[in-house]
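Structural characterization, general
Given next are the chains, with one letter for each unit.
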Amino acid sequence: MATAESASAIQRNQVDLLDFIDWSGVECLNQSSGHLLANALKQGYREDEGLNLESDADEQLLIYIPFTQVVKLHSIVVKGSEEEGPKTVKLFTNRQHMGFSNVNDFPPSDTVVLSPDNLKGKPVVVKYVKFQNVRSLTIFIEDNQSGSEITKVQKIALYGSTVETTDMKGLKKIEEH
Amino acid sequence: MVLEATMICVDNSEWMRNGDYSPSRFQVQADAVSLVCGAKTQSNPENTVGILTMAGKGVRVLATPTSDLGKILSCMHGLEMGGEMNLAAGILIAQLALKHRQNKNQQQRIIVFAGSPIKHEKKALEIIGKKLKKNSVALDIVDFGEEEDGKPEKLEALLASVNNNDASHIVHVPPSQNALSDVLISTPVFTGDGEGGSGFAATTAAAAAGGVSDFDFGVDPNIDPELALALRVSMEEERARQEAAAKKAAEEASSQEKGEDAQPQSDSQNATSTATEKVSDPMDEDDLLKEALALSMNIPGSDSSAGDAQMSEASNDDQELALALQMSMQDGSKESSAPSDVSKVLGDQSFMSSIISSLPGVDPNDPNVKNLLASLPGQSESQQKKDEDEKPKDEK
């Protein structure tokens, strides 16, 4: 039931929020230099199974994604390999410049434990209430499936809908008569 | 012009009293610190710098990251030396200070002056390094002062664990006459990965080179940097021009030598060496060779217009010389079209053979001469014809 709901929800009015990501502010801490966040987020790269986002010094990753406008987040898809894919993922909304030291300072908006099904592409529905007014999303990948030193993420996709917001760039000056 | 927040970790331990760097280790460190602060703030006005001391009673933050240069410099004034340096605590507190910087868009960097022995283990330092890398903090290490067994290795290990895409650097400065700041100016610590601070570094280098209170060209780079820069650039251009002129004179001198030397071997050697030198300077090659020929033929005042005729009178009996000239001509003709006239002349089969037959002591039927003529560009057909003509002659 739940799966049918989520599948139909995606068809209903949920869009891929890729278009609303503010790329200039996207940050990722502890990513390995050859395997960047773009490999998991960007159109085209994320479909390529050979291109992964990999962690560097240890297995945790901290990803900050700001949006160009306010969005409602419905579900996320995190794809990865069975051993090195992420396991525990914590989501924080509207918090800027988080670091590894303060991820545990406040409670996450939602915590997701990924199953092997999820890693194959099954979306995870997030808590509706907490994600109605999202300006930015911080994804904290705490550990991976097998506990190895490096976490590899093949794809991250966000699904949701937009809230009516004024696009400041679209505002034009009214001609004086 | 990277937007950066920097924390400088100063070593004010007892080891800094030592005078192996003049006037004392602490003084040179203070100079270096003020230079680094200046470089950072100049390369980007929004950069901030903070200072903390690692020794004394404990790690103490003297200034949190600020863009106020005066405040930073005054902190260095009146610092007391004592105690032991605590590197690990110093770096961790520096990282904390950077975490709470006001402008979160700034890149984080820590500069450590490690002048005394390090009491931490390599493992502990590596863990700290990994933590810095995880939080994308870059680290610059200045290894000076006390030289202890294993200190460079420990610091290198720390650097390796922090380093991400060459953002972090280490500089080892042994005791010497040069001041610590002079050595640091040329390193990436100042130049900031090759950009940005180099302008400041260049001005301070000029200032340092001119003496303590004296500035190059009598212009204070701090007061009028543009003028100082313009003067320096014109000075360098003048120097380059003089060097080029001197080089040309030297080449002429060597080609004079070549002309006067009677021995064919050394001649050809000189010719080939000058030829190889001149490969990089094709335009002057011709002129110089012509002058050399003229000199060897004791004809005064040769110039390029008369050069053709002189060149083709491949004067001496020296076949090796002609061959060497040939080679240099061929090298020249590859690179520019200027010597093409001369090579055409040389390449003109009938002309060359008539010239050579007119030379005393050169027998056109001599195999050496034939080889020489054969090596002329694009002459193989007529050469073969000539051979056939001459063969029946000989057989007669």
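The structure presented is a predicted model; accordingly, all values stated were derived computationally and were not measured.

When helices and strands are tallied, chain A shows three helices and ten strands. What you see in chain A, going N to C, is helices and strands ordered as α-β-β-α-β-β-β-β-α-β-β-β-β. Considering only contacts in chain A between residues 6 or more positions apart, those separated by 24 or more positions represent 81%. Carbon together with sulfur atoms contributes 49% to the accessible area of chain A, which is approximately 9400 Å² in total.

All right, on to the interface of chain B and chain A then. Chain B puts ten residues into the contact, and the matching count from chain A is eleven residues. Here chain B and chain A share an interface that buries about 920 Å² over both sides, 47% of which is from carbon and sulfur atoms. For chain B, the biggest contributors to the area lost against chain A are B:Lys104, B:Lys130 and B:Lys134; these three give 53% of the whole. Counting the contacts that link chain B with chain A gives two salt bridges. Of the charged contacts in the structure, one is a salt bridge between A:Asp58 and B:Lys134, with a shortest N-O distance of 2.8 Å. Applying the counting criterion to the chain B and chain A interface returns five residue pairs in polar contact (both at pLDDT 80 or more). Examining the composition of the side of chain B that touches chain A, we find that three residues originate from one element, helix 4 (residues 122–134) of chain B, more than from any other. Along the lines of polarity and charge, the residues of the side of chain B that touches chain A split into no nonpolar, five polar and five charged.

The next subject is the sheet that holds strand 4 (residues 107–114) of chain B. Note: strands within a sheet are paired through backbone hydrogen bonds, in either parallel or antiparallel orientation. Residue and element names in this part refer to chain B. The strand order across the open sheet built from six strands is 3-2-1-4-5-6, with neighbouring strands paired in mixed fashion. Each edge of the open sheet carries a strand with a single partner, namely strand 3 (60–66) and strand 6 (169–172). For this sheet, the mean angle separating the axes of adjacent strands, direction not counted, is 10°. Across seven bridges, the pairing between strand 4 and strand 5 (residues 137–143) is parallel.

In this model, helix 4 of chain B (13 residues) spans 18 Å end to end at C-alpha, consistent with the 18 Å of a helix rising 1.5 Å per residue. Among the residues of helix 4 of chain B, those classed as buried are B:Leu125, B:Ile128, B:Gly129, B:Leu132, B:Lys133 and B:Lys134. Buried residues along helix 4 of chain B sit against strand 2 (27–29) of chain A together with helix 3 (87–99), strand 4, strand 5 and helix 5 (151–162) of chain B. Directly beyond the C-terminal end of helix 4 of chain B, a positive phi value near 45° is found at B:Ser136.

Moving on: the nonpolar core. Residues and elements named next belong to chain A. Counting residues in each nonpolar core, the largest one holds 33 residues, and the members touching the most others are Ile63, Phe67, Leu91, Ile139 and Leu158. Every element with two or more residues in this core is listed here: helix 2 (38–41), strand 4 (61–79), strand 5 (88–93), strand 8 (134–141) and strand 10 (155–162). Other than its neighbours up to four places away in sequence, Leu91 contacts Ile76, Pro108, Ser109, Asp110, Val112, Val126, Phe131, Leu137, Thr138 and Ile139.

The subject of this paragraph is the side chain of B:Gln95. Structurally, B:Gln95 can be placed in helix 3. Ignoring sequence-local partners within four residues, the contact set of B:Gln95 consists of B:Ile110, B:Lys131, B:Leu132, B:Asn135 and B:Val137.

Before going further, it helps to examine the pattern of salt bridges. Under the defined criterion, the tally for this structure stands at 17 salt bridges over all chains. The salt bridge partner of B:Arg25 is B:Glu146, with a shortest N-O separation of 3.1 Å. Residue B:Arg25 is found in helix 1 (residues 25–43), and its partner B:Glu146 is found in the loop between strand 5 and helix 5; the two are separated by 121 residues along the sequence. B:Glu146 sits in the partly exposed class, given a relative accessible area of 24%. B:Lys119 serves as the salt-bridge partner of B:Glu84, at 3.6 Å between the closest nitrogen and oxygen. In this pair, B:Glu84 is assigned in the loop between helix 2 (69–76) and helix 3 and B:Lys119 in the loop between strand 4 and helix 4, connecting sequence segments 35 residues apart. One network of salt bridges, in which partners are shared, links A:Asp16, A:Arg46, A:Glu47 and A:Lys155.

So, on to empty space enclosed by the protein. Residues and elements named next belong to chain B. Considering all chains together, one arrives at three cavities of 30 Å³ or more under this definition. Here the second largest cavity is characterised by a volume of approximately 40 Å³. The wall of the second largest cavity is formed by Tyr21, Ser22, Val28, Ser176, Gln177, Asn178, Ala179 and Leu180. A breakdown of the residues in the lining of the second largest cavity according to their chemical character gives four nonpolar, four polar and no charged.

Reading the values: the criteria
Residues numbered from 1 in each chain as written. Chains lettered and ligands numbered in written order. Predicted model: local features only at pLDDT ≥ 70, side-chain atom pairs only at ≥ 80, totals over all residues. Heavy atoms only, no water. Helix = DSSP H or I, 4+ residues; strand = E, 2+ residues; numbered from the N terminus. Contact = heavy atoms within 4.5 Å. Areas by Shrake-Rupley, 256 points an atom, 1.4 Å probe, with all protein chains shown as cover. Buried area = accessible area lost by both parts, 1.4 Å probe. Salt bridge = Lys/Arg side-chain N within 4 Å of Asp/Glu carboxyl O. Polar contact = N/O pair within 3.5 Å; in protein donor to acceptor, adjacent residues only side chain to side chain. Nonpolar A, V, L, I, M, F, W, Y, C, P; charged D, E, K, R; others polar. Pairing = 2+ DSSP bridges. Axes fitted to C-alpha atoms, helices over the stretch in contact; angles between N-to-C directions. Expected span 1.5 Å × (residues − 1). Buried < 20%, exposed > 50% of the residue type's maximum accessible area, 1.4 Å probe, protein only. Core = buried A, V, L, I, M, F, W, Y, C linked by side-chain atoms within 4.5 Å. 1 Å grid on protein atoms, 1.4 Å probe; cavity = no way out; pocket = protein on both sides within 12 Å on 5 of 7 lines; lining within 4 Å. Points joined across faces, edges and corners; volume = space filled by probe spheres on them.

Keep in mind that these numbers describe shape and distance, not what the molecule does.
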